[in-house]
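Structure assessment
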There are 2 protein chains.
Amino acid sequence: MAVTMHDVAQRAGVSIKTVSNVVNGYPYIRAETRQRVESAIDDLGYRVNMSARNLRTRRTGLITLAVPELSLPYFAELADAVISAADDAGWTVLIEQTSASRERETEVLSGRRRHLTDGLIFSPLALGPDDLGLFTVEYPLVILGERVFGAPADHVTMNNVAAAKAATLHLASLGRRRIALIGAHAGEQVGSAALRTTGYLEGLAEAGLPHDPALIGEAGLWHRSTGAEAMSRMLDDGVEVDAVFALNDALALGALHALHAHRIDVPREVALIGFDDVDDAKYSVPALSSVDPGRDQIARTAVDLMVERIGAAGDDQAPFRRVVPDSRIIGRESTGDVAPGERERVVAVQEGGTEVVASAWPPARDRQNVT
Amino acid sequence: MAVTMHDVAQRAGVSIKTVSNVVNGYPYIRAETRQRVESAIDDLGYRVNMSARNLRTRRTGLITLAVPELSLPYFAELADAVISAADDAGWTVLIEQTSASRERETEVLSGRRRHLTDGLIFSPLALGPDDLGLFTVEYPLVILGERVFGAPADHVTMNNVAAAKAATLHLASLGRRRIALIGAHAGEQVGSAALRTTGYLEGLAEAGLPHDPALIGEAGLWHRSTGAEAMSRMLDDGVEVDAVFALNDALALGALHALHAHRIDVPREVALIGFDDVDDAKYSVPALSSVDPGRDQIARTAVDLMVERIGAAGDDQAPFRRVVPDSRIIGRESTGDVAPGERERVVAVQEGGTEVVASAWPPARDRQNVT
DNA sequence: TTGTATGCGTTATCAT
DNA sequence: ATGATAACGCATACAA
């Protein structure tokens, strides 16, 4: 059977409490006692039983990260960043894949597995503003992305509108007049698609370019395949295009594929920019310009907020915050921004910031009633 | 405070044991009793305390998957597949990133975090045959990849030699005579690089092509950047090349980038094939031919073996198995294998299999001593 | 500075 | 079919 603190205590000739103290780095222990305990631990190969410790402390040291799927490079890189940031802070991450389905996303918020971890960092894709109630939970929750605003939780999001506007303006600054958008979600009022489309339209307006609906390419799922299809459709329809803003890099790489299939030169005939700045972007042919939404900063901030919330559990809840990292437009070959031999160039920066979104939960007015 | 079984029992007017029975689906309960308990659970919003259950049952329902990093598409897709397979079997996966460092890989095998999960699925990259001792552990372990053979653990690996040989032969069958290899590890005797290089050499021999060392491109890390560099070096050196076998897809995509930068047409002037068949391969320009090593089957098999081992903990250990899934050569544009409009074509299949590698641990001879 | 005793919320062993 | 009760291994209040 596994060796317990008891065994260690016995072997070291001390009480179980002393072993516990040593294991947990309690400072007031005689050097010699500590010594004895430590060698007993080594001799016996003792390891703390996490389940017992978790039961006792009511903490697991785990946090859940829920994303649609790891096969999508953006989420894989986000997960990498979150795991690394959590690791630095001494926390362990458990990843849950939702496939962007309502059912799985709902399950993540309140399902069985929920109770294994101390908190949830959640990037929803199916749930939206109508489901705000589901996000009113009593455990530490950090929301990622642009599906849900105003939930009683910390929120880390992107500079979507400003960055999309900057990307569009950048294409216009290159002299492009027929700037297509790939990845639109018709009629949708919330989410990344709507926000980035808004930025695109603002950019067009500011550049004095007309808005032509024929230049809007729909793509429900943001995969390479759907990007390729949307781009092909537009080209097959004979729409005149000299630039493309794809709402994420997967779409952009798909679009690039379609442009190539149509023997259209990028960037000479059509300039192309994506969004997310995934690792792929650097190595596509030609290298893809993109919007860097500050992925590492998002991950680090999300973990920081989560750890802070967990630490403050039970206290009066601090106000919820909404954090937006800086974003940057990265110019590469697909927009002809780089000189031969140059890898990339930052052509614009959009500043983010932190905002206090809501007061503590339960709302202040309720607490005043109590007073 | 959180509601416990006790609260539920009180409310339902039954004993705590009965609540436990209901929660765990024990069959012999009167329908009415079950009913009462279930509504008490709903009313109170009761959830099982996993830490308590884990302590009691000595099981966590978690398994660790240790990979170098999720930013590498192959491992992201592997993680996706493992998580999904585990999910289907009712298990939860905790991912650990090792950065392919010896220190982190050692830590994974015996570190603090080890004790949170019931078993480890481990894809080592830094540790090798010299570290076999580290892999002799007393918890359920499934090894992935080709760094370590002969450890007392189940092992799921790829058809490296056969698949690499088939890929090389395929390039030769297209009439290519100067087939370069990108991603070699000079002097290394073990690991994917060595095995795939062996397959490449066997392929050359079988095709009657000479082996020219100038056609071997080194790349320590298999990233897009190193692939691009190795390819560039070779081209800058003026080596004559009409085909490239890259030891993984990241290298291949990097090489593709370099070929493009050198204004070399793929596949007309140089045919290119990768290894892993990551999702990217389908959407590069041109679409990348690749070796599909059977990723989903690897993931499913690894989880099956793991669950089986965990279930048999305490029993006499069954013999360790080595499982090799079928692999396939997928022809796409980069080898000119597809007709216009066609996406891909399976041009060869290498059969895998299952092999019993070692007898139970402790070794049979030890047990005979006991008898 | 260290020891004793209690309980965290479950499951498992007996009973009945 | 259900109940009483003893672990599971650790952390911690309280003593000493």
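A short tour of the structure in this document, coming up. (Residues numbered from 1 in each chain as written. Chains lettered and ligands numbered in written order. Predicted model: local features only at pLDDT ≥ 70, side-chain atom pairs only at ≥ 80, totals over all residues. Heavy atoms only, no water.)

A word on the protein's contact with DNA strand C. Near DNA strand C there are 27 residues, and of these A:Thr18, A:Thr33, A:Arg58, B:Tyr46 and B:Arg56 occur at the shortest range. Backbone atoms, meaning sugar and phosphate, make up 67% of the atoms of DNA strand C lying within 4 Å of the protein. In the environment of DNA strand C, a base oxygen lies 3.4 Å from a nitrogen or oxygen atom belonging to the side chain of A:Lys17. In this structure, B:Asn49 approaches DNA strand C through a main-chain N or O atom, which is 3.1 Å from a phosphate oxygen. Listing elements by their share of the surface near DNA strand C, those giving two or more residues are α2 (16-23) and α4 (50-57) of chain A together with α2 (16-23) and α4 (50-57) of chain B. Along the lines of polarity and charge, the residues of the surface near DNA strand C split into 11 nonpolar, 8 polar and 8 charged. (Near = heavy atom within 4 Å. Polar contact = N/O pair within 3.5 Å; in protein donor to acceptor, adjacent residues only side chain to side chain. Helix = DSSP H or I, 4+ residues; strand = E, 2+ residues; numbered from the N terminus. Nonpolar A, V, L, I, M, F, W, Y, C, P; charged D, E, K, R; others polar.)

This next bit is on the pattern of salt bridges. Residue and element names in this part refer to chain B. The tally for this structure, following the rule as stated, stands at 48 salt bridges over all chains. Linking Glu 32 and Arg 36 is a salt bridge whose minimum nitrogen-to-oxygen distance equals 2.6 Å. Of this pair, Glu 32 and Arg 36 both sit in helix α3 (residues 31-44), 4 residues apart, roughly one helical turn. By relative accessible area, Arg 36 is classed as partly exposed at 35%. Here Arg 321 makes a salt bridge to Asp 154, at a shortest N to O gap of 3.5 Å. Highlighted residues: Arg 321 in strand β11 (residues 320-324) and Asp 154 in strand β5 (residues 154-156), separated in sequence by 167 residues. (Salt bridge = Lys/Arg side-chain N within 4 Å of Asp/Glu carboxyl O. Buried < 20%, exposed > 50% of the residue type's maximum accessible area, 1.4 Å probe, protein only.)

The next subject is the environment of B:Glu202. Residue and element names in this part refer to chain B. Note that Glu 202 resides in helix α8 (residues 192-207). When the C-alpha atoms of Glu 202 and Asp 337 are compared, they prove to be 22 Å apart, with 135 residues separating the residues in sequence. Those residues in contact with Glu 202, other than ones at most four positions away along the chain, are Val 161 and Lys 165. (Contact = heavy atoms within 4.5 Å.)

Once that is clear, we can look at the protein's contact with DNA strand D. As a matter of local geometry, DNA strand D sits amid 25 residues, with A:Tyr46, B:Tyr28, B:Thr33, B:Arg56 and B:Arg58 nearest to it. Among the atoms of DNA strand D lying within 4 Å of the protein, the sugar-phosphate backbone contributes 65%. Contact distances for DNA strand D include 2.6 Å between a phosphate oxygen and a side-chain N or O atom of A:Arg53. Between a base nitrogen of DNA strand D and a side-chain N or O atom of A:Arg56, the distance comes to 2.6 Å. Among the secondary structure elements, those contributing two or more residues to the surface near DNA strand D are α2 and α4 of chain A together with α2 and α4 of chain B. The leading source of residues in the surface near DNA strand D is α4(A), at 4 residues. Along the lines of polarity and charge, the residues of the surface near DNA strand D split into 9 nonpolar, 8 polar and 8 charged.

Right, let's talk about the relation of the copies chain B and chain A for a bit. In screw terms, the move from chain B to chain A is a rotation of 180° and a rise of 0.0 Å along the axis, fitting with an RMSD of 0.1 Å. Read as a symmetry element, the transformation amounts to a two-fold axis. Comparing contact sets, 98% of the residues at the interface of chain B also lie at the interface in chain A, consistent with an isologous, same-surface contact. (Least-squares fit on C-alpha atoms with pLDDT ≥ 70 in both.)

Residue and element names in this part refer to chain B. By the element assignment, Asn 49 lies in the loop between α3 and α4. Residue Asn 49 is classed as partly exposed on the basis of its relative accessible area, which comes to 39%. Separated by 30 residues in sequence, Asn 49 and Ala 79 place their C-alpha atoms 27 Å apart.

Next up on the list: the sheet that holds strand β7 (residues 216-218) of chain A. All names here are of chain A. If you walk across this open sheet you meet the 4 strands as β7-β6-β8-β9, and the pairing is parallel. Both edges of this open sheet fall to β7 and β9 (271-273), since each of them pairs with a single strand only. Each neighbouring strand pair of the sheet contributes to a mean axis angle of 20°, computed without reference to strand direction. Pairing geometry for strand β8 (residues 243-246) and β9, over 3 bridges, is parallel. Bridged to Ala 243 within β9 is Ala 271. The strands touched by helix α7 (residues 160-173) are β6 (179-184), β8 and β9; relative to β8, the strand with the most contacts, the crossing angle is about 170°. (Pairing = 2+ DSSP bridges. Axes fitted to C-alpha atoms, helices over the stretch in contact; angles between N-to-C directions.)

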